[in-house]
Every structure is written in structure tokens, then in C-alpha cells.
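Per-entry structural report
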Amino acid sequence: MQVAASSANDIHSIMFVHNALPDLSMDDINLECSLNYGKSELVLSFPAVVLLDDEKKAQEMSKKDKELVFCHLSKDSIVAFSAGKEHVLPAASYNLVQVNNGIEIAKAYRASRSNLPFINESQLSKVKEFTKQLRIAMFLTNSRNIGELREAPAYRL
Amino acid sequence: MDEASLTENRKMEHINIVLEKDTQYKEKTTFLEYVKILPNSGSIKSDEVELGMNLIGKELSSPLFVSGMTGGHSVAFGINKNIAIAAEKAGIPMGVGSQRAMVENKQLVYSYDVKKYAPNLFLIGNIGSTKLLSYNDSRIQEMVNDISADMLAIHTNPGQESVQPEGDLDFRNTKDRIVELASHLDKPVIVKEVGNGISKEVAAQLDEKVFGIDVQGAGGTTWIGVELFRNKDKSLGSFWDWGIPTALSVLEVKSSFSGSVWASGGIRTASDIVKALALGADLCGMAKPVIMAERKNGAEGAYVFLSGMINKIKEEMADMGFGSVAELRNAKVEITGTLAKLASQRKLKMDKRIGVKQV
Ligand SMILES: Cc1cc2nc3c(=O)[nH]c(=O)nc-3n(C[C@H](O)[C@H](O)[C@H](O)COP(=O)(O)O)c2cc1C
């Protein structure tokens, strides 16, 4: 599993192909993203996780903020908490990519199937902002959901 | 304030922002810098260069047009009238801005109705793609007739709408509505962006359904940028440079659309125009530089700018040994750099005369 640096380059090489005639309304856009592991599923309603250094804190914060998924990275797994519930994802299946705005979340999903965008604690106040940006990026690529976004026409610079 | 006055205010705000602020793309260019034309041997004098062409039965002096900008209030009327007089004198088409204001309020027709002052002008009407959902065909036909337009441009601007505080974020069925209207209207329809460009996927949906596509690609005025000056939410700044560069958009559209293809968005110099024509564009358009010239020196200012540009196109072509636009459009062209890379990636279908040089 890799964190940030190498995959960040990858997302910056993505330039979406603008769609001048999206056949959708902004209200049609669904940001949900489900991560399947083993026979279980973890649904992200905001499609980036919050990565924290401290596992206990991740669990506590997930109880308070039920919209977000808080994670802690251990040796070979990503321990994720959604509304206090623990999900242990195999770290090898995911490429954690730090994102700095909503367009980068979109790029992360478009760049690679294994990319999992994350923000850190200091970016928590930006979730609303990132959500709005991501919705616009999806609108302008005619993507109704993350699945369509992964297939949206894009250039690689 | 009622909706009509709000629209009027917004239009005035747009003009002021365009005139006073830096509304250019910051990091993105038109990619025309990656287009190299292989000159013809032999020299020609610039006054021997023939730029004339025919557009749906009307003669034009050159393949240049003024992109649609304004209408709906008294200042806009002055701008449209002056540009109309200049464009008629220069022998080229001009577009008006969105006619929505006059559809809502008939008293505003005068601000678009410039053929009164320039009867031989080739005039292009304008309406937004999402507005077509609320206006039926006969209302649009009447709007076109009211100003005796020769053609209708339908602008589709989801980028601008996304950032505009009062933007329209429902584009469902706009493509179908454009196609339906184009088959009923008694004038040809051209679909235009406002600076974010048009892709081959979108162009394919319009192939054989509309007369033409005016790419209005990235690299010139960014309408996302213009709206960002009006929007209190500064977090959308990351969209400033969104869009398909103009040269790439011309290749995208030509790859899947067999109708007329117009190059625009960031066209600033005669060299830009000559390159866009060599890529296969039928006409080239400019917006911001024309309104700047008009605001400085009225109709005369706009005319001096446009006729000067036409002369420079002739000089540029003469220097390269091309005597006509037809010759230029058969020229050997080399595309390089990022343009070559992205055009290959997208497997864009190009004329054999366009060579792709990747490093
Ligand atoms: C002041 C101004 C107003 C505009 N208003 C409209 C409009 O109402 N409808 C439209 O289709 N495009 C409008 N545009 C966009 C232009 O037609 C053009 O697509 C865009 O400005 C890019 O061209 P440029 O780089 O040459 O300015 C406007 C442009 C300017 C400068």
C-alpha cells in the first residue's frame, strides 16, 4: 500500500474532458461510494475518508459525526469507523491519496480504481466546500455517481 | 427587483467585469501554440490573398465573426449597434448576447435589433440551452424573426451556470430540445459554449442535427472566472481553468461532427486565426477584444480593430504563401506538445495532412 506522494502525481495528471451538454440536474448527483471488503460493505456518503493518527480518536469522532468515515492506518489494514462501527479494510487493496479540494477527489476516483481519497483532521472544516466542488466536477463530466465518474472521459497530461 | 431587472443588472455587471478585470484563463492556453503550419513555397502579396467565403448563401469578406455578447439594456444597445455597424462594414457576421431578456420583455427588442442600422449584416441570434426548455418553438422563431437573424446560436454553459450564484443547474433534456428546435426553426442552428469547449462525445450527439458547432474553448475569457468575481463563495476558484483548450476542442469536434466547425475562445491574433483555419475550422470568432475596442472608440474603434485583423490575416497568409482560405485548409500542419499527446490519447480522427509529432 502507498500513501500520498506517488499517487498524488497521478491524480494531478488527470484533466477532465468538459461535457457541455450534461444530461442531468445537479440534484441527480449521488456522492455515495461503497467499499466492499470480504463479504462486507462500507458506504461513504462523503466519498473521502478522514485519516487520523489515533485509532481511539477515530472511533470517537465517528460517533459524533455520522456523515463521515474516520480511519486509522495500521500495519496492513485501514481501520475505518462509521458511526462508531469498525470496518477493517485490507490496506493492500487501497491507495490512499490526500486531496485538497473536490476536483481532486473526482480526479482520484478517475485516476485509479484503487485510489481512496483522504483528508486529514485540519481539513475537516472544508468538507462542505469539497462536497460542492465535487458535485460541480461530476456535473461537468455528466457523472451521476462515482461509478460514472470513474468512466468519465479524461485526458492524462 | 423583478426577474427581468435582475437579468439586466447581471448583464451590466458581466460587461463591467469583462472590461475591468483580468478574466483570462490563468494556467491554460488555447493550445494554438502547438500548431505549426508548413508554409507553401513561393511568395504572395497580401493584397492578393482572397479571404472571401459564402455562409448559407451570404457573402462574407473573411472567415471571422464577432461572438455573441450582449443585449437587454440601453448600454448593450449602444454596444450592439456599434459592433453591428463595424461588422457590416468589415463584411463579417456578429452575434448578439442571450435574447432571453427580450423574450421576457418585448420592449427590449430594440437593444438586439441592429439590422436597422446595418441592414446587410449577417446577424446571429442567441439563447441558452436550458432556456429552450421553457420556450416553445414558435416563441424562439418569433425571437429570431424579431431581429431578422440569419442564424441562431444556442449557448450551452454548464460551467458558468455552476459557478453563477443564480445559476441554472438542470440540464436534463437540453440536447434533445436543441435537436428538436433545430429541425423546426426556419434558420440554421449553431451550438456554442462560452469558453469551456466542446468534446467529441457532445459533438457526436449533434452530428447531422445542427448546422454547426462553435467550440468556444478554453484559453481566452473564462466565464467561470467572470462569475467567480460575482460569487461570494470563493472556494470555487479551483474551477477557474476548467475546460478544453480551443485548438484541442476544434480537433475533438472535427473528429465526430461533419457540419460547420467554428473556432473561438481566446482567439487574439491573426496567427491564432490562421492556425485555427489550418486545423480545419470554417470560421474564427472573437468576443472580448471586440468589446474592448468598441468601448474605447465606438463603431470606429471596433471597425479599425476588425479590419486591421483581417489585413493581418492576409499578411500572415501571404508570408506563408497561401493565396486563399481553401489553400490554407489544405496545408500540411504539424501538431506538437500537449496538443499532440492529448489528441492521440483520445484517438481523434484527423485529416491526413495533420501530422502528430509527439516527443
Ligand atoms: C461581455 C461579454 C458578454 C457575453 N455574453 C454572452 C451571451 O450572452 N451569450 C453567449 O453565448 N456568450 C456570451 N459571451 C461569451 C462569448 O461569446 C465567448 O464565448 C467567450 O467570451 C470566449 O471568447 P473570447 O475569449 O474571445 O472572449 C459573452 C462574452 C463577453 C465578453
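Our structure is the block above this text.
So, here is what we can say about the structure in this document.

Cut-off values and rules
- What you see as residue numbers is a count from 1 along each chain, following the sequence as written.
- Labels are handed out in written order, letters beginning with A for the chains and numbers beginning with 1 for the ligands.
- Owing to the predicted nature of the model, reporting of local features is limited to residues with pLDDT of at least 70; listing and counting of side-chain atom pairs is limited to 80 or more, with chain, interface and lining totals taken over all residues.
- Excluding hydrogens and water, the side-chain values take into account all heavy atoms of the structure.
- Nearness is judged by heavy atoms alone; a residue qualifies as near a molecule or strand once a single heavy atom is within 4 Å of it.
- Polar contacts here mean pairs of N or O atoms no more than 3.5 Å apart (in protein, one a potential hydrogen donor and the other a potential acceptor; neighbouring residues in sequence count only if both atoms are side-chain atoms).
- All residues other than Ala, Val, Leu, Ile, Met, Phe, Trp, Tyr, Cys, Pro, Asp, Glu, Lys and Arg, Gly among them, are scored as polar; the first ten of these are nonpolar and the last four charged.
- Any two rings among Phe, Tyr and Trp, with Trp reduced to its six-membered ring, count as a pair given centres within 6.5 Å; such a pair is stacked if its planes are under 30 degrees apart, edge-to-face if over 60, and tilted if neither.
- Working definition: helices are DSSP H or I runs of at least four residues, strands are E runs of at least two. Numbering for both runs from the N terminus.
- Relative accessibility decides the category of a residue: with a 1.4 Å probe and only protein chains considered, values under 20% of the type maximum give buried, values over 50% give exposed, and everything between is partly exposed.
- In our convention, an over-ring charge means Lys NZ or Arg CZ found within 6 Å of a ring centre and within 35 degrees of that ring's normal.
- Lines fitted to C-alpha atoms define the axes, with helix axes restricted to the stretch in contact, and inter-axis angles between N-to-C directions lie between 0 and 180 degrees.
- Roughly parallel means an angle under 35 degrees; roughly antiparallel, over 145; roughly perpendicular, 65 to 115; everything else is oblique.
- Rotating anticlockwise by less than a right angle from the far helix to the near helix defines a left-handed crossing, while the corresponding clockwise rotation defines a right-handed one.
- For this analysis, residues touch if any pair of their heavy atoms sits within 4.5 Å.

Let's shift gears to the site of the ligand. Residues and elements named next belong to chain B. Taken together, 22 residues form the shell around the ligand, and within it Gly68, Met69, Lys192, Gln216 and Thr221 come nearest. Within the backbone of Ala287, an N or O atom sits 2.9 Å from an oxygen atom of the ligand. Lys288 is positioned with one of its backbone polar atoms (N or O) 3.1 Å from an oxygen atom of the ligand. For the shell around the ligand, the per-class residue count stands at six nonpolar, 11 polar and five charged.

Once that is clear, we can look at the packing of aromatic side chains. Any two aromatic rings considered together are summarised by their centre-to-centre distance and by the angle between their planes. All names here are of chain B. Across all of its chains, the model carries eight aromatic pairs over all chains by this definition. Here the aromatic rings of Phe77 and Tyr110 are separated by 5.2 Å at their centres, their planes lie at 55°, and the arrangement is tilted. Here Phe77, found in helix 2 (residues 74–90), pairs with Tyr110, found in the loop between helix 3 (100–104) and strand 6 (123–128); they are 33 residues apart in sequence, far enough to count as distant. Each ring, one from Phe239 and one from Trp242, has its centre 5.6 Å from the other, and the planes form 45°; the classification is tilted. Owing to a relative accessible area of 0%, Phe239 belongs among the buried residues under this scheme. In this arrangement the basic side chain of Lys26 is found over the ring face of Trp240, its NZ or CZ atom lying 3.5 Å from the centre.

Residues and elements named next belong to chain B. The interhelical angle for the contact between helix 2 and helix 11 (residues 288–319), taken along N-to-C directions, is 15°, at an axis separation of 9 Å. What the angle tells us is that helix 2 and helix 11 run roughly parallel. Seen from above, helix 2 lies across helix 11 with right-handed handedness. The segment helix 2 lies against helix 11, with Val75, Gly78, Ile79, Asn82, Ile83, Ile85, Ala86, Ala87, Lys89 and Ala90 engaging Val290, Ile291, Glu294, Arg295, Gly298, Ala299, Glu300, Ala302, Tyr303, Leu306 and Ile310.

All names here are of chain A. At a minimum axis distance of 6 Å, the contact between helix 3 (residues 102–111) and helix 4 (residues 127–139) shows a crossing angle of 55°. As summarised for this structure, helix 3 and helix 4 are arranged oblique, according to the angle between their axes. The handedness of the crossing between helix 3 and helix 4 is right-handed. Contacts from Gly102, Ile103, Ile105 and Ala106 of helix 3 reach helix 4 at Phe130, Gln133, Leu134 and Ala137. Tallied by class, the residues present in the contact of helix 3 with helix 4 amount to six nonpolar, two polar and no charged.

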